[in-house]
Amino acid sequence: GKVRTDMCFPIGFQDVITIDKTGEHFRMLFDVKGRFLIHRVKKEEAAYKMCRVKSLSTAAKGIPVLVTHDGRTIRYPDPSVKVHDTIKLEIETGKILDY
């Protein structure tokens with residue numbers, strides 16, 4: 001969601017990097033040995049992120065929330081989403097597209 005212009009800002013697993021001058025999009029992944037790997041993706045694929053569900057709980061007033069592997073908290077998830085599931089998250093709005 002947020003645009004970062006600091007070259008030293010840390011990135012993590014499944015984060016999307018966009019270079020505006022060249023129009024390229026990259027996703028940070030792991031290779032088979034566990035090292036970070038930059039993978040080129042299309043513009044349509046750069047609009048979403050795959051996130052792992054770490055926990056499901058209820059917040060104040062009984063609102064169901066889920067927490068993803070990168071620390072995002074999503075309110076009112078689909079009731080059929082369980083812990084250790086992978087969700088497809090739209091980066092712009094923070095909404096769940098698929099699971």
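Novice: Can you help me understand the overall build of the protein chain in this one?
Specialist: Helix and strand counts for the protein chain stand at 0 helices and 8 strands. Its helices and strands in sequence order give the protein chain the pattern β-β-β-β-β-β-β-β, from N to C terminus. With respect to the principal axes defined by its C-alpha atoms, the protein chain has extents near 45 × 30 × 25 Å. In the protein chain, once contacts between residues fewer than 6 apart in sequence are set aside, the share between residues at least 24 apart is 28%. Approximately 7,400 Å² of the protein chain is accessible, and the part contributed by carbon and sulfur atoms is 55%. When the 18 basic and 13 acidic side-chain charges of the protein chain are each reduced to a single mean position, those positions are 4 Å apart.

Novice: Teacher, can you tell me more about the layout of surface pockets here?
Specialist: By rolling a water-sized probe across the atoms, one finds the places where empty space is left. What the largest pocket holds in volume is close to 1,100 Å³. Surrounding the largest pocket, 25 residues form its lining, Lys-2, Val-3, Arg-4, Val-16 and Ile-17 being those nearest its centre. Among the elements that line the lining of the largest pocket, the one with the most residues is strand β1 (residues 16–19), at 3 residues. Of the residues contributing to the lining of the largest pocket, the split by class is 10 nonpolar, 5 polar and 10 charged.

Novice: What is the right way to look at the packing of aromatic side chains in this model?
Specialist: The description of two aromatic rings rests on the distance between their centres and on the angle between their planes. By the definition in use, this model includes 2 aromatic pairs. Ring geometry for Phe-13 against Phe-30: centres 4.8 Å apart, planes inclined by 10 degrees, an arrangement best described as stacked. Separated by 17 residues along the polypeptide, Phe-13 in the segment before β1 and Phe-30 in strand β2 (residues 24–30) bring together distant segments of the chain. Looking at Phe-30, the relative accessible area reads 41%, which means it is partly exposed. Sitting over the ring of Tyr-48, Arg-27 keeps its end group 5.6 Å from the ring centre.

Novice: Would you mind showing me how to read the sheet that holds β1 here?
Specialist: What the 3 strands build is an open sheet, ordered β1-β2-β3; its pairing is antiparallel. The strands lining the two open edges of the sheet, one partner per strand, are β1 and β3 (36–41). In this sheet, adjacent strand axes meet at a mean angle of 30 degrees when their direction is disregarded. One ladder, built from 4 bridges, connects β1 with β2; its direction is antiparallel. The partner of Val-16 across the bridge, within β2, is Arg-27.

Novice: Explanation requested: a nonpolar patch on the surface in the structure shown.
Specialist: A contiguous nonpolar surface patch, about 300 Å² in accessible area, is contributed by Phe-13, Phe-30 and Phe-36. Of note, Phe-36 is situated in strand β3.

Thresholds applied
Residues numbered from 1 in each chain as written. Predicted model: local features only at pLDDT ≥ 70, side-chain atom pairs only at ≥ 80, totals over all residues. Heavy atoms only, no water. Helix = DSSP H or I, 4+ residues; strand = E, 2+ residues; numbered from the N terminus. Contact = heavy atoms within 4.5 Å. Areas by Shrake-Rupley, 256 points an atom, 1.4 Å probe, with all protein chains shown as cover. Lys, Arg positive; Asp, Glu negative; His and termini not counted. Charge placed at Lys NZ, Arg CZ, Asp CG, Glu CD. 1 Å grid on protein atoms, 1.4 Å probe; cavity = no way out; pocket = protein on both sides within 12 Å on 5 of 7 lines; lining within 4 Å. Points joined across faces, edges and corners; volume = space filled by probe spheres on them. Nonpolar A, V, L, I, M, F, W, Y, C, P; charged D, E, K, R; others polar. Phe/Tyr/Trp six-rings, centres within 6.5 Å; stacked < 30°, edge-to-face > 60°. Buried < 20%, exposed > 50% of the residue type's maximum accessible area, 1.4 Å probe, protein only. Lys NZ or Arg CZ within 6 Å of the ring centre and 35° of its normal. Pairing = 2+ DSSP bridges. Axes fitted to C-alpha atoms, helices over the stretch in contact; angles between N-to-C directions. Patch = residues over 30% accessible without salt bridge, like charges linked within 9 Å, V, L, I, M, F, W, Y side chains within 5 Å. Salt bridge = Lys/Arg side-chain N within 4 Å of Asp/Glu carboxyl O.

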